[in-house]
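Residue strings, one per chain:
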Protein chains: 2
Amino acid sequence: LALPLSDPADLLQKVSVVLVRTTHPGNIGATARAMKTMGLARLVLVEPRYFPDAQATAMASGADDVLAAARVCASLDEALKDTRFAVAMTARVRELAYEPVNIRVAAAQVLAEAGASEVALVFGTEMSGLSNDEVLKCQLAAMIPAVKGYSSLNLAAAVQLMAYELRMSLLGGVVGMPPVQEPAQIGDIERFYEHLQRNLIDSGFLDPAFPKKLMERLRRLFGRARLEKEEVNILRGILTEWDKRMAERPLGKRADKVD
Amino acid sequence: LALPLSDPADLLQKVSVVLVRTTHPGNIGATARAMKTMGLARLVLVEPRYFPDAQATAMASGADDVLAAARVCASLDEALKDTRFAVAMTARVRELAYEPVNIRVAAAQVLAEAGASEVALVFGTEMSGLSNDEVLKCQLAAMIPAVKGYSSLNLAAAVQLMAYELRMSLLGGVVGMPPVQEPAQIGDIERFYEHLQRNLIDSGFLDPAFPKKLMERLRRLFGRARLEKEEVNILRGILTEWDKRMAERPLGKRADKVD
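Residues numbered from 1 in each chain as written. Chains lettered and ligands numbered in written order. Predicted model: local features only at pLDDT ≥ 70, side-chain atom pairs only at ≥ 80, totals over all residues. Heavy atoms only, no water.

Draft legend 1. Highlighting the overall build of chain A. Looking only at helices and strands, chain A features 11 helices and seven strands. Nonlocal contacts in chain A, meaning residues at least 24 apart in sequence, comprise 84% of its contacts between residues at least 6 apart. Summed over its atoms, the accessible surface of chain A is roughly 10,800 Å², and 54% of this surface lies on carbon and sulfur atoms. (Helix = DSSP H or I, 4+ residues; strand = E, 2+ residues; numbered from the N terminus. Contact = heavy atoms within 4.5 Å. Areas by Shrake-Rupley, 256 points an atom, 1.4 Å probe, with all protein chains shown as cover.)

Okay, here's the thing in structure tokens:
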């Protein structure tokens with residue numbers, strides 16, 4: 001698996017660290033520092049409680065440039081819209097979301113993807129991490145193999161470990177699976193899920209009053225596949241054709257169903 | 001390197017973290033937390049500026065037991081006197097001391113040594129690290145491969161990385177991508193493809209005269225995902241619901257399309 005022959009450190013410039021709803025500004029500063037020690041520069045903050053903040057600056061300790069260049073977003077969707085590969089950092093195995101890989105495996109995969117497009121590492125809030133919905137907006141879940149019963153790593157410490165694994169991987173470690181041909185943009189994938197959901201409601205398969213995690217299950221399936229751009233087009237085309245058939249159907253037929 | 005057959009986690013109980021002349025008590029607390037997340041429990045403090053201290057306790061965040069059991073020593077000699085293998089953590093290549101190995105290599109060596117005796121990981125003061133004399137009291141020097149020109153890791157972050165590498169080494173290195181939960185049987189997957197194909201023909205999306213590799217593309221997508229048994233059931237359910245809607249549609253509507 002060949003990486004591009006240009007300066008390999010360039011790959012790290014394609015990697016963003018996305019912090020979602022960070023509570024303590026000191027952790028934002030410490031994250032900037034952790035990133036910079038390992039060669040990462042792009043910090044994205046989704047709804048930070050306090051930013052900018054003196055505590056963030058104090059903890060950045062020389063990584064003020066990373067902090068100053070940080071992008072603040074109103075939602076995770078906004079943060080990820082131009083990204084093709086996002087890794088959800090998770091402290092636990094979840095019932096419905098992806099089975100997490102360890103961060104060493106994830107790092108190899110991130111580098112393989114960064115050769116082709118922008119990549120994001122997504123870290124949740126200090127107390128509760130990412131929601132299942134947020135994990136399922138990503139294409140891979142990664143876990144730090146902490147001790148069971150005391151897995152509460154500090155947020156910046158978790159960033160430090162993941163950034164370190166990226167750097168180690170860059171310096172000649174394990175190489176990941178090749179990325180799909182032309183990965184779809186996450187914004188386009190989200191629009192596909194919206195379309196699919198409308199369609200499933202129209203067909204009667206999905207009852208919005210009792211969704212029973214159906215969409216989460218489907219996100220998990222398609223997320224594992226790493227949808228390509230062309231595949232999203234095909235899936236949207238299938239749904240559009242079904243929509244047309246549905247629209248042709250006379251309303252009278254519908255009335256006999258209790259919606 | 002063969003590990004003893006007893007509980008491998010016992011090996012980590014033989015490893016001490018020695019902090020030399022730590023300036024900020026918050027770093028002592030954060031170190032305790034970093035250690036505990038990775039299964040290390042033995043903290044040794046050589047001439048700490050402030051200890052015990054409220055800031056240390058605050059930063060320990062649940063690792064108070066590690067802090068409470070910390071041993072305070074008056075010198076590095078005293079801290080190391082019962083140890084047979086000590087690793088000096090260093091942020092730079094030094095002229096006179098050992099050529100450092102990276103922390104991954106050091107971790108493997110530490111575990112091998114811990115099978116036979118007590119081991120210490122020695123971290124210097126925040127501003128200037130260990131002196132050359134202190135490095136030379138140890139048997140190995142280890143370095144975190146940080147970016148040249150910005151290698152100033154936070155002390156607890158450095159402990160976190162080394163402790164993580166020990167744990168990874170203990171867990172046996174890289175583990176592959178996880179399999180899906182309950183993979184579907186191939187026969188069931190084939191029946192799903194047949195059902196999907198009939199449905200796409202019915203909807204008009206797939207023209208059997210000009211199939212244009214559509215089914216191959218869809219197989220490639222779902223094949224990458226490694227469908228689970230339950231997912232095949234859901235997909236079949238979605239198709240069945242669409243079939244019903246299709247059957248409800250009066251034939252008259254169809255005639256206006258040229259098939």
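Continuing now.
Draft legend 2. Representation of the sheet that holds strand 1 (residues 15-20) of chain A in the model. Residue and element names in this part refer to chain A. Pairing is parallel across the open sheet formed by seven strands, whose spatial order is 3-2-1-6-4-7-5. Two strands in the sheet have a free side with no partner beyond their single neighbour: strand 3 (71-73) and strand 5 (101-102). Bridge count for strand 1 against strand 6 (residues 119-123) is five bridges, and the pairing is parallel. Each residue of the ladder has a partner; that of S16, found in strand 6, is A120. (Pairing = 2+ DSSP bridges.)

Draft legend 3. How the structure looks around unusual backbone geometry. Looking along the chain, the bond that leaves F51(A) and enters P52(A) is cis, with omega of -5 degrees. For K212(B), which is not glycine, the phi dihedral falls at a positive 50 degrees. Looking at the secondary structure, you find K212(B) in the loop between helix 8 (186-203) and helix 9 (214-225).

Draft legend 4. Expanded view of the pairing of strand 2 (residues 42-46) of chain A. Residue and element names in this part refer to chain A. Among the five residues that make up strand 2, four are buried, leaving the element largely enclosed by the rest of the structure. Pairing of strand 1 with strand 2 involves five bridges; the strand directions are parallel. Counterpart to S16 in the pairing with strand 2 is R42. Following the backbone out of strand 1, through helix 1 (residues 25-37) and into the adjacent parallel strand 2, one traces a crossover that is right-handed. Pairing analysis gives three bridges linking strand 2 to strand 3, with the strands arranged parallel. Note on strand 3: the bridge partner recorded for V46 is C73. (Buried < 20%, exposed > 50% of the residue type's maximum accessible area, 1.4 Å probe, protein only. Right-handed = clockwise from strand over helix to strand, strands pointing away.)

Draft legend 5. Structural view of the sheet that holds strand 2 (residues 42-46) of chain B. Here seven strands make up an open sheet; going across it, the order is 3-2-1-6-4-7-5 (chain B) and the pairing parallel. The sheet terminates laterally at strand 3 (71-73) and strand 5 (101-102) of chain B, the two strands that pair on one side only.

Draft legend 6. The arrangement of the interface of chain A and chain B in detail. Contacts between the two partners involve 69 residues from chain A and, on the opposite side, 67 residues from chain B. Together, R104(A), Y150(A) and W242(A) form the three largest contributors to the area buried by chain A at its contact with chain B, with a combined 13%. At the boundary of chain A and chain B, one finds nine salt bridges. With a closest N to O distance of 2.9 Å, E165(A) and R104(B) form a salt bridge. In this assembly, chain A and chain B are joined by 28 residue pairs in polar contact (both at pLDDT 80 or more). Contributing elements (two or more residues each) for the side of chain A that touches chain B: helix 1, strand 5, helix 5 (103-114), helix 7 (155-170), helix 8 (186-203), helix 9 (214-225) and helix 10 (229-248) of chain A. Sorting elements by how many residues they give to the side of chain A that touches chain B places helix 10 of chain A first, with 12 residues. Here the side of chain A that touches chain B is composed, by residue class, of 36 nonpolar, 13 polar and 20 charged. (Buried area = accessible area lost by both parts, 1.4 Å probe. Salt bridge = Lys/Arg side-chain N within 4 Å of Asp/Glu carboxyl O. Polar contact = N/O pair within 3.5 Å; in protein donor to acceptor, adjacent residues only side chain to side chain. Nonpolar A, V, L, I, M, F, W, Y, C, P; charged D, E, K, R; others polar.)

Draft legend 7. A look at the nonpolar core. Counting 97 residues, the largest nonpolar core has L43(A), F123(A), L43(B), F123(B), M162(B) and L166(B) as its most contacted members. Not counting chain neighbours up to four residues away, the residues in contact with M162(B) comprise M89(B), I103(B), A106(B), A107(B), V110(B), L121(B) and F123(B). (Core = buried A, V, L, I, M, F, W, Y, C linked by side-chain atoms within 4.5 Å.)

Draft legend 8. Spotlight on empty space enclosed by the protein. Under the definition given, this model contains five cavities of 30 Å³ or more. Estimated volume of the largest cavity: approximately 200 Å³. Along the wall of the largest cavity there are 16 residues; nearest its centre are F222(A), W242(A), F222(B), L235(B) and W242(B). Broken down by secondary-structure element, the contributors of at least two residues to the lining of the largest cavity are helix 8, helix 9 and helix 10 of chain A together with helix 8, helix 9 and helix 10 (229-248) of chain B. Considered class by class, the residues forming the lining of the largest cavity number 16 nonpolar, no polar and no charged. (1 Å grid on protein atoms, 1.4 Å probe; cavity = no way out; pocket = protein on both sides within 12 Å on 5 of 7 lines; lining within 4 Å. Points joined across faces, edges and corners; volume = space filled by probe spheres on them.)

Draft legend 9. Representation of the confidence of the model for chain A in the model. All names here are of chain A. Of the residues in chain A, 89% have a pLDDT of 70 or more, and the chain-wide mean is 88. With pLDDT under 50 throughout, residues 1-6 is counted as low confidence; its partners more than four residues away or in other chains account for six contacts. A low-confidence stretch, residues 252-259 (pLDDT under 50), is modelled with eight contacts involving residues beyond four sequence positions or located in other chains. Two numbers describe this predicted complex: its pTM, 0.80, and its ipTM, 0.78. (pLDDT = per-residue confidence, 0-100.)

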